[in-house]
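Residues per chain, in single letters:
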Amino acid sequence: MIASVLPTYNRAPLNFVKGEGAWLVEKDGRRFLDLGSGIAVNALGHAHPALVEALTNQAQNLWHVSNLYEIPQQQALADKLVEHTFADTVFFTNSGTEACELAVKMARKYFFEKDQPERIEIITFDGSFHGRSSAGIAAAGSEKMTKGFGPVLPGFVHLTFGDLDGVTNAISDSTAAIMIEPVQGEGGIRPVPDADMKALRAICDEHGLLLILDEVQCGVGRTGKLFAHEWAGITPDIMMVAKGIGGGFPLGAVLATEKAALGMTAGTHGSTYGGNPLGCAVGNAVIDHVADPDFLADVNRKAGLLRQKLEGLVSGHPDVFEEVRGAGLMLGLKCRAVNIDVVNAGYANEVITVPAADNVIRLLPPLTLTDEDVAEAVIRLEKAAIQVENA
Ligand SMILES: *Cc1c(COP(=O)(O)O)cnc(C)c1O
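Summarised in this report is the structure supplied together with it. What you see is a predicted model; the values in this text were computed from it and never measured.

Rules used throughout
Residues numbered from 1 in each chain as written. Predicted model: local features only at pLDDT ≥ 70, side-chain atom pairs only at ≥ 80, totals over all residues. Heavy atoms only, no water. Helix = DSSP H or I, 4+ residues; strand = E, 2+ residues; numbered from the N terminus. Rg over C-alpha atoms; globule rule 2.2 N^0.38 Å. Buried < 20%, exposed > 50% of the residue type's maximum accessible area, 1.4 Å probe, protein only. Contact = heavy atoms within 4.5 Å. Areas by Shrake-Rupley, 256 points an atom, 1.4 Å probe, with all protein chains shown as cover. Lys, Arg positive; Asp, Glu negative; His and termini not counted. Charge placed at Lys NZ, Arg CZ, Asp CG, Glu CD. Salt bridge = Lys/Arg side-chain N within 4 Å of Asp/Glu carboxyl O. Phe/Tyr/Trp six-rings, centres within 6.5 Å; stacked < 30°, edge-to-face > 60°. Lys NZ or Arg CZ within 6 Å of the ring centre and 35° of its normal.

**Brief notes about the overall build of the protein**
Line of reasoning, step 1. Within the protein, the secondary structure is distributed over 12 helices and 17 strands.
Line of reasoning, step 2. A compact globule built from 391 residues would reach a C-alpha radius of gyration of about 21 Å, and the protein, at 21 Å, matches this within 12%.
Line of reasoning, step 3. Each of the three principal axes of the protein carries a C-alpha extent, and together these read 65 × 55 × 55 Å.
Line of reasoning, step 4. Burial statistics for the protein: of 391 residues in total, 53% are counted as buried.
Line of reasoning, step 5. Residue pairs in contact within the protein that sit at least 24 positions apart in sequence constitute 72% of those at least 6 positions apart.
Line of reasoning, step 6. In the form shown here, the protein has an accessible surface area of approximately 17,100 Å², with 54% of it arising from carbon and sulfur atoms.
Line of reasoning, step 7. Averaging the coordinates of the 31 positive side-chain charges in the protein and doing the same for the 48 negative ones gives two points 4 Å apart.

Given below as structure tokens:
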């Protein structure tokens with residue numbers, strides 16, 4: 001008999017009942033150090049007082065009105081994002097995959113408005129992840145996600161990750177945009193080198209294409225900048241955001257330049273819940289914290305500390321780990337042992353990590369983790385490594 005919850009997930013037998021900072025409490029009382037943050041979502045950790053206050057204050061006043069009316073919390077969050085980024089305009093969604101939907105629609109509509117309706121193709125890369133909607137799975141293009149689900153949304157060209165020559169060769173009269181994660185998350189914490197980010201920007205400029213960055217996982221302070229592309233000194237035309245921006249409340253956004261948003265006039269797109277008062281009240285509190293230069297400086301400091309300790313862990317356990325990679329607090333440990341075994345050994349030692357492709361375990365801790373948490377993380381990961389070695 002089918003489970004009452006549609007059985008699309010492989011769940012670990014863990015049942016968390018409370019969260020505090022970087023810690024999760026299991027119902028049996030064990031305390032787990034959370035280096036997963038619900039997949040890069042709990043950017044400010046669990047039960048951050050400012051987020052609890054923002055959410056409960058809003059909950060006592062007004063939950064939902066729809067986008068038929070003014071939503072001041074949404075306006076304030078859009079203004080903040082415009083102030084802190086390349087963007088001139090913002091659309092709010094409830095998830096990353098909805099942000100992907102709009103990014104794709106916006107890029108195609110742009111060329112439609114420019115009297116080039118044949119330009120519908122978007123270049124993407126293997127190992128990417130853009131969500132589970134029909135556009136999201138078509139964009140990533142892996143058979144694992146698309147097989148069996150009927151016709152795949154056309155208009156995506158999939159290239160090998162890192163193949164810049166391939167990009168130039170793939171551009172035709174039907175190309176509209178290049179879509180890429182500055183640091184691949186699900187693909188195994190694979191950063192795009194700054195030089196490649198610059199090259200992609202230059203290619204887009206040369207051919208009149210739009211650059212769409214998927215910062216759903218790597219954005220909102222995760223890499224030590226508010227958005228990851230800032231490291232490369234470039235800006236996109238369109239950017240997808242979600243995960244961290246809601247700090248645990250479902251919230252996403254598409255940020256765009258005025259130019260890229262050319263075709264998105266009244267009635268061309270919408271969402272019932274997107275940008276609702278609850279989500280935006282929390283989003284404002286998240287951005288107020290994360291966009292603070294002192295906060296980001298501290299993320300970078302802790303990231304350096306963690307990375308240094310992880311390098312030691314890797315060299316001490318070469319049968320388990322191969323290398324550390326990533327940026328800021330978006331780190332991957334490429335494994336020699338089977339990554340799932342390492343994740344499970346982590347559970348046994350009360351530390352949470354997240355598996356990814358390419359035999360990697362991801363470390364995506366709350367950006368608020370303390371120096372003691374960093375030290376404890378590496379102690380627990382080392383216990384897990386020893387357990388894997390002795391298995
Ligand atoms: C998680 C993720 C998505 C999809 O976000 P959902 O909120 O799960 O729909 C899209 N792109 C990237 C890079 C992601 O990590």
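**Overview of the pattern of salt bridges**
Line of reasoning, step 1. With the rule as written, the count across this model stands at 17 salt bridges.
Line of reasoning, step 2. Across the pair Arg190 and Asp126 runs a salt bridge, and its minimum N-O distance is 3.9 Å. Of this pair, Arg190 sits in strand 9 (residues 190–191) while Asp126 sits in the loop between strand 5 (121–125) and helix 5 (134–140), and the two are 64 residues apart along the sequence.
Line of reasoning, step 3. The exposure class of Arg190 is partly exposed, given its relative accessible area of 21%.

**Some words on the packing of aromatic side chains**
Line of reasoning, step 1. Summed over all chains, the structure comprises 2 aromatic pairs.
Line of reasoning, step 2. Taking the centre distance of 5.3 Å and the plane angle of 75° together, the rings of Phe16 and Phe32 count as edge-to-face. Taken as a pair, Phe16 in strand 1 (residues 16–20) and Phe32 in strand 3 (residues 31–34) lie far apart in primary sequence, 16 residues in all.
Line of reasoning, step 3. Looking at Phe32, the relative accessible area reads 0%, which means it is buried.
Line of reasoning, step 4. Judged by centre distance (4.8 Å) and plane angle (85°), the ring pair of Tyr110 and Phe111 falls under edge-to-face.
Line of reasoning, step 5. On the accessibility criterion, Tyr110 (4% relative accessible area) is buried.
Line of reasoning, step 6. Between Arg108 and the ring centre of Phe156, over which it is positioned, the NZ or CZ distance is 5.2 Å.

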